[in-house]
Amino acid sequence: MPYDRDLLLFGAKRHAVLSLEEVQQYGIDNYQDPDYVSIYGLRPSQAHAMGVRLLGRTAVECTRDDLAEAIASDVAALARRSPSTFQLVIDPFAGSGNTIFWLLRKLADARAIAFENDPLVHDISSRNLALLNLPLRLERIEFSVGLEHAYAAPGELVVAFIAPPWGRALDARLGLDLRRTEPPIAGIVQTIVRHFEPNPMLFAIQVHERVEPESLADVVSHFDAFEHKVYPMHLEGQNHGVLIGCVGWSLRPARGKRRRTVGSQQPERLG
Ligand SMILES: C[S@@+](CC[C@H](N)C(=O)[O-])C[C@H]1O[C@@H](n2cnc3c(N)ncnc32)[C@H](O)[C@@H]1O
């Protein structure tokens, strides 16, 4: 039986605690790499020896080290160029907690809030973070409810990393449809913007290298500036990327317009 996305994400292993061999098998079967699911800066064998455990769904869904570190570096570089000197980092769909772990490594003085609504994922990830003594607490809560008690100080930059379950939103031909993630991306962005306005905000949305164009246009209409960046780490068609968006601030002053959209596929537009 192949250890693939169907078995781990949608099948019998979704809520099963995986053995080390199973974690490695998923990496081998899908990416020819037993260390593919490296998180918290550890290879699977190191993590397992320290007591770290993963559910099937989290092995597939987690933002593993290579990608999380790359995203966190880019986000931190932009955050440092914002008008704010202090930041609130928020991960409403925390899963393993690995992305917010990397964001805090790169934005060391930031405050952090992380939500996770699956009780089993929350339980295992919280234990992992405690075992590794990582200074991060996940709240077991639906993100929209958790947001209600999240507070940003005046002028504080809100950095939101958004990676909800993709479910069936990724189509091999059309790419990732941002309207079909669970929940859809534009609604999440709107909820966060409504909650934190008028604070400056920086959104980082984990995406695939191909994004369905209309769904992309819909999401970026909420941003003052944006960039879609791809991290070429795998074969074409298997790469992930990030959609970065600024709200309430931008690296370049707008000429004549209060809100504007810059960017598309040209990384220097926000660089
Ligand atoms: C794609 S995973 C995120 C992976 C994460 N970036 C990591 O590094 O592990 C999405 C997570 O969001 C959780 N989730 C889904 N809907 C949610 C909601 N409405 N509120 C909070 N968490 C949610 C899922 O249980 C899942 O663990």
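Residues numbered from 1 in each chain as written. Predicted model: local features only at pLDDT ≥ 70, side-chain atom pairs only at ≥ 80, totals over all residues. Heavy atoms only, no water.

With that settled, consider the domain arrangement of the protein chain. The domains assigned to the protein chain are domain 1 (5-61) and domain 2 (65-269). Counting residues at the interface gives 22 residues for domain 1, matched by 22 residues for domain 2. Of the roughly 1800 Å² buried where domain 1 meets domain 2, counting both sides, 60% is carbon and sulfur surface. Remark: the boundary between domain 1 and domain 2 carries one salt bridge. D118 is the salt-bridge partner of R57, the closest N and O atoms lying 2.9 Å from each other. Inspection of the domain 1/domain 2 interface yields 10 residue pairs in polar contact (both at pLDDT 80 or more). When residues of the side of domain 1 that touches domain 2 are traced back to their parent elements, those giving at least two are α1 (5-10), α2 (20-31) and α4 (56-61). (Domains from an automatic or database assignment. Contact = heavy atoms within 4.5 Å. Buried area = accessible area lost by both parts, 1.4 Å probe. Salt bridge = Lys/Arg side-chain N within 4 Å of Asp/Glu carboxyl O. Polar contact = N/O pair within 3.5 Å; in protein donor to acceptor, adjacent residues only side chain to side chain. Helix = DSSP H or I, 4+ residues; strand = E, 2+ residues; numbered from the N terminus.)

The final tally for this structure, using the stated rule, is 12 salt bridges. Here D35 ties to R43 by a salt bridge, and the two come within 3.8 Å at their closest N and O atoms. Given the relative accessible area of 26%, D35 is considered partly exposed. Using a relative accessible area of 41% as the deciding quantity, one classes R43 as partly exposed. E61 is the partner of R57 in a salt bridge, and the nearest nitrogen-oxygen pair spans 2.9 Å. With R57 and E61 both in helix α4 and four residues apart, the pair spans about one turn of that helix. We classify R57 as buried; its relative accessible area is 9%. By relative accessible area, E61 is classed as partly exposed at 31%. Ionic contacts of the salt-bridge type, sharing partners, join the residues D177, R179, E212 and E214 into one network. (Buried < 20%, exposed > 50% of the residue type's maximum accessible area, 1.4 Å probe, protein only.)

What follows concerns the nonpolar core. Formed by 54 residues in total, the largest nonpolar core has its most connected members in L8, Y40 and L202. Sorting elements by how many residues they give to this core places helix α5 (residues 65-79) first, with nine residues. If you count residues domain by domain, this core takes at least three from each of domain 1 (5-61) and domain 2 (65-269). Of all hydrophobic cores here, the second largest spans 35 residues; its members include I113, F115, L176 and L178. (Core = buried A, V, L, I, M, F, W, Y, C linked by side-chain atoms within 4.5 Å.)

Topologically, E214 is positioned in helix α10 (residues 213-220). The sequence separation of E214 and Q46 amounts to 168 residues, and the corresponding C-alpha distance is 42 Å.

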